[in-house]
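A closer look at the structure
Each chain is listed here by its residues.
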Amino acid sequence: MKARFYFGLALGLACLMGVLALLIGHGSVLAISGFSDNQELPLPLTAPIANSGVSFTVRGLEPSVRVDRQGTVYVSSIRGVPGGVDLHRYNAAADGQPGLGGTYPFKYEGQPDNCGIFNAQQGGCANNHLDPLGLGLGGGDVDIAVNYPSRGVPNLALVSLTLAPGITGTHSIDQGDTFSTPNPLVALIPGDDRQWIDGINALNVYLNYHDAPTFNIEVQRSNDGGETYLNGFAEAIDPQTFPAAGGVPASNSANVAGQIKVDRSSCPSRGNLYQIFVAPDSVSENLSGGALRSVYVGVSTDVKMGLPVFTFTDFKVFPGPAGAQKQGAENLFPALAVDDFGFVYAVWSDNSKILFSSSSDQGTTWTTPIQLNSGTTIGNANVFPWVAADGNGHVGVVWFGDDRPGNSNDRGKLEPGHPASQRAACTSGTSCMQGWAQWNVYYAESVNGHDATPFFFQSVISDHVIHRGTLSTGGLGGGADRSLADLFQVAFDPRHFANVAFSDDHKVNSGVGPDNGPDNPTTLRLIRANFTHQLTATAGSVVTTGSCAGSPPPPPLGAEKITGGGQIPSQKPGLSANFGFVAKNDPPNASLSYHDDGATGGRIDVHSSNITVPTVTFSGNCATFKGSAKLNQQPGYNYNVNACDGDPGAGQDTFFISVSGPNFSYSNTGLITSGNIQIHQQ
């Protein structure tokens, strides 16, 4: 009790001093809960489609926010396919000092995914030669990532979704002023869904997305800052977990994937990859269309070897209660963060509770989840959590919360007086929205996030009601209001202050219409990304020293692993075939990439697939592993590999591969001409 008393006293004094500092240093700042005034990031009202005479109404949805190590803030939002995405940037040296209320003078940086409908006269469209019809190449989803070079301007990567052909990637090396030519084919597998990215070092960027055929979570690595993603490959749902979480057969419940995060600490865990997702709790539940009630995290540690492939091992964060409906799933999305000492944090929602768990051993085990939201939010609808972390245990979580009990999708409770069809008229008069649920943005901060009992300081950081009525958590198939789409984000800056971007529709779009009054649901509302940033600490001082997170348990005695990457002669004389692999036997897991431009019958590209559990056997200095594969991005094939470590590598190591499937057979073998194959004894 005494320790708790002193901690509370210290926290109260810290908060008081923070408020005093705010009042003294920013006398004109009309801040709320230590945050700057909310500011709308401006966009045009409409965007014409080339010379057709038709225009789209412009929206700013699902904003991503990142802050690089120089303090440059980036916010990107979507318009929806084929409208493209928009980017705003704030850099103090280039863009000027904050204004009244702490607001930033953001610079609009156009549409990096090849704008299309946003024509050159309106300020965008730098590389439109890929898009002669004047339609944006993306806009379905967006995510951005910053890199961490030892010096110089950090790279900014951006990816934008357009379901076919897939994902457009581009990047900037001058703080968003110019971008590389957009590449609409960065995903190896076409027909993709909900991509995320994260960066480490000067130019390494990791991309994840769902593939349509199996609904596994594909992960690719870029070594060129996000222009291409051809330097590494893995599937985040491992072969042991895939039966409970995968999409084969297509009638399965499958999974919802959250963001991918890379450990950028200076600890031994640096470079680890973490992928969060939610899925059924068992194989039987998946096969029977059961609820996505349990939370998982895929962990890759061999990604740090820099090979063309890597593997993930999945761990269950939280087995949702039996019978739960989409626990932590389509309430959307589960989110993840890693602090500067390698501790990992996960958040998700069950539509009412914002749930939080942490791992102190690199994602292997997780604390019992706590309900993070408190006070007047308890029992109300709370959705769309997102998390950031830095320091040692410094964690910030944002979400949308309303002012009444009831599921966020329930029109009867949250939209009284409104018929079932969205944007229909009120059942009586034109003012029924006055009685609807009111939504705000909440922020909870902790400076001891990985303690057994973390303390979170909660506050409202929107300075106005951002939305009224329901919020759909059903994605594209949801029946409630999707005006704010499915997510928003938070990121810490170098001073450990939170930066938050969120969508907002509290204004009437009177410039486009119809305008039938501010409280009438038939009125068109202005949907824009808004931004606010933290001006003073709310939860106490951030700890920046301490010990690294612990290590996962060692592999069992007798476990073996083999890794390799390099070239062997192609089937066509004078050419080479490229390979990369990781395989281990406890538990069986393997990742394979193989490419031969000189294959008889035409080039082949082979990637392993976790649809089935591979067989992995070791004998002396050799290993044989077999499993399912995609051939030229199509599932339904099998591979068989035998690799031998002849030390020291080229000219001594041997590699054999065969691939078979419907009306197809291929094999090749030889001494490797470059690279290395290595047996690892555990």
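Let us now look at the sheet that holds strand β18 (residues 313-318). What the four strands build is an open sheet, ordered β15-β16-β17-β18; its pairing is antiparallel. Each edge of the open sheet carries a strand with a single partner, namely β15 (256-262) and β18. Strand-to-strand twist of the sheet, defined as the mean angle between neighbouring strand axes without regard to direction, takes the value 25°. Alignment of strand β17 (residues 294-300) against β18, held across five bridges, turns out to be antiparallel. Each bridged residue has a counterpart across the sheet, and for Tyr296 the counterpart in β18 is Lys316.

This paragraph deals with the environment of Asp481. Of note, Asp481 is situated in the loop between β27 (467-468) and β28 (489-492). Asp481 sits in the buried class, given a relative accessible area of 9%. Asp481 sits ten residues away from Leu471 along the chain, and the two C-alpha atoms are 5.1 Å apart. Beyond its immediate stretch of four places on either side in the chain, Asp481 contacts Arg411, Glu415, Gln422, His467, Thr470, Leu471 and Ser472. Within polar-contact distance, the side chain of Asp481 engages the side chain of Ser483 at 2.5 Å.

Scanning all chains against the criterion turns up three disulfides. One disulfide in the model links Cys426 with Cys432; its S-S distance is 2.3 Å. Its S-S torsion of about -75° marks the bond between Cys426 and Cys432 as left-handed, since a negative value means left-handed. The burial state of Cys426 is the same as that of Cys432; both residues are buried.

In spatial order, the strands read β19-β20-β21-β22; together these four strands make up an open sheet with antiparallel pairing. Taken across any chain shown, the strands that pair with only one partner, and hence form the sheet edges, are β19 (335-338) and β22 (370-371). Here β19 pairs with strand β20 (residues 344-349) via four bridges, running antiparallel. Across the sheet, the residue bridging to Ala335 is Val347, located in β20.

Another point: the pairing of strand β8 (residues 142-146). With five of five residues buried, β8 is to be regarded as a mostly interior element. Residues Val142, Ile144 and Val146 of β8 are buried on one face, and the alternating residues Asp143 and Ala145, pointing to the opposite face, are buried as well. Sheet analysis places β8 next to strand β9 (residues 156-162), joined by five bridges and oriented antiparallel. When the bridges of β9 are listed, Ile144 appears paired with Leu158.

Turning to unusual backbone geometry, a few remarks are in order. Here the bond from Gly513 into Pro514 is cis, since omega is 10°, no more than 30 degrees from zero. Mapping Pro514 onto the fold places it in the loop between β29 (498-508) and β30 (525-533). In this structure, Pro587 follows Asp586 across a cis peptide bond, with omega equal to -5°. Its place among the elements puts Pro587 in the loop between β32 (576-585) and β33 (588-596). Although it is not a glycine, Asn351 adopts a positive phi angle of roughly 90°. Position of Asn351 relative to the elements: it lies in the loop between β20 and β21 (354-359). One non-glycine residue, Gln633, lies in positive phi territory at about 75°. In this structure, Gln633 sits in the loop between β36 (622-631) and β37 (634-644). Owing to a relative accessible area of 23%, Gln633 belongs among the partly exposed residues under this scheme.

So, on to the side chain of Asn382. With respect to the helices and strands, Asn382 occurs in strand β23 (residues 380-390). At 2.8 Å, the side chain of Asn382 forms a polar contact with the backbone oxygen of Ser352. Side-chain polar atoms of Asn382 contact the side chain of Trp399, separated by 2.9 Å. Those residues in contact with Asn382, other than ones at most four positions away along the chain, are Ser349, Asn351, Ser352, Ile354, Asn373, Thr377, Trp399, Phe400 and Gly401.

Next up on the list: the pattern of salt bridges. Per the counting criterion, the structure on display carries 24 salt bridges. One salt bridge in this structure joins Arg66 and Asp143, with 3.2 Å as the shortest N-O distance. Within this pair, whereas Arg66 is found in strand β4 (residues 61-67), its partner Asp143 is found in strand β8, the two being separated by 77 residues in sequence. For Arg66, a relative accessible area of 9% translates into the label buried. Residue classification places Asp143 among the buried positions, given a relative accessible area of 1%. Among the ionic pairs, Arg293 bridges to Asp281, the shortest N-O distance being 3.6 Å. Within this pair, whereas Arg293 is found in the loop between α4 (283-287) and β17, its partner Asp281 is found in the loop between β16 (273-279) and α4, the two being separated by twelve residues in sequence.

A separate point is the pairing of β36. Counting buried residues along β36, eight of its ten residues qualify, which places the element largely inside the surrounding structure. What sits between strand β35 (residues 615-619) and β36 in their antiparallel hairpin is a turn of two residues, with Gly620 showing a positive phi close to 60°. Once β36 ends, the chain turns through two residues before running back antiparallel as β37, passing Asn632 with a positive phi of about 50°.

By size, the foremost hydrophobic cluster in this structure holds 62 residues, and its most contacted members are Val397, Phe400 and Trp439. For this core, the element with the most residues is β23, which contributes seven residues. If you look at the next biggest cluster of nonpolar residues, it comprises 29 residues, including Phe581, Tyr594, Ile604 and Phe625.

Summarising the element assignment, Leu575 is placed in the loop between β31 (560-569) and β32. The class for Leu575 is partly exposed, based on a relative accessible area of 37%. Between the C-alpha atom of Leu575 and that of Asp596, which follows or precedes it by 21 residues, the distance is 8.5 Å. Apart from residues no more than four positions distant in its own chain, Leu575 is found in contact with Pro569, Ser570 and Gly598.

Calculation criteria
Residues numbered from 1 in each chain as written. Predicted model: local features only at pLDDT ≥ 70, side-chain atom pairs only at ≥ 80, totals over all residues. Heavy atoms only, no water. Pairing = 2+ DSSP bridges. Helix = DSSP H or I, 4+ residues; strand = E, 2+ residues; numbered from the N terminus. Axes fitted to C-alpha atoms, helices over the stretch in contact; angles between N-to-C directions. Buried < 20%, exposed > 50% of the residue type's maximum accessible area, 1.4 Å probe, protein only. Contact = heavy atoms within 4.5 Å. Polar contact = N/O pair within 3.5 Å; in protein donor to acceptor, adjacent residues only side chain to side chain. Disulfide = S-S within 2.5 Å. Salt bridge = Lys/Arg side-chain N within 4 Å of Asp/Glu carboxyl O. Core = buried A, V, L, I, M, F, W, Y, C linked by side-chain atoms within 4.5 Å.

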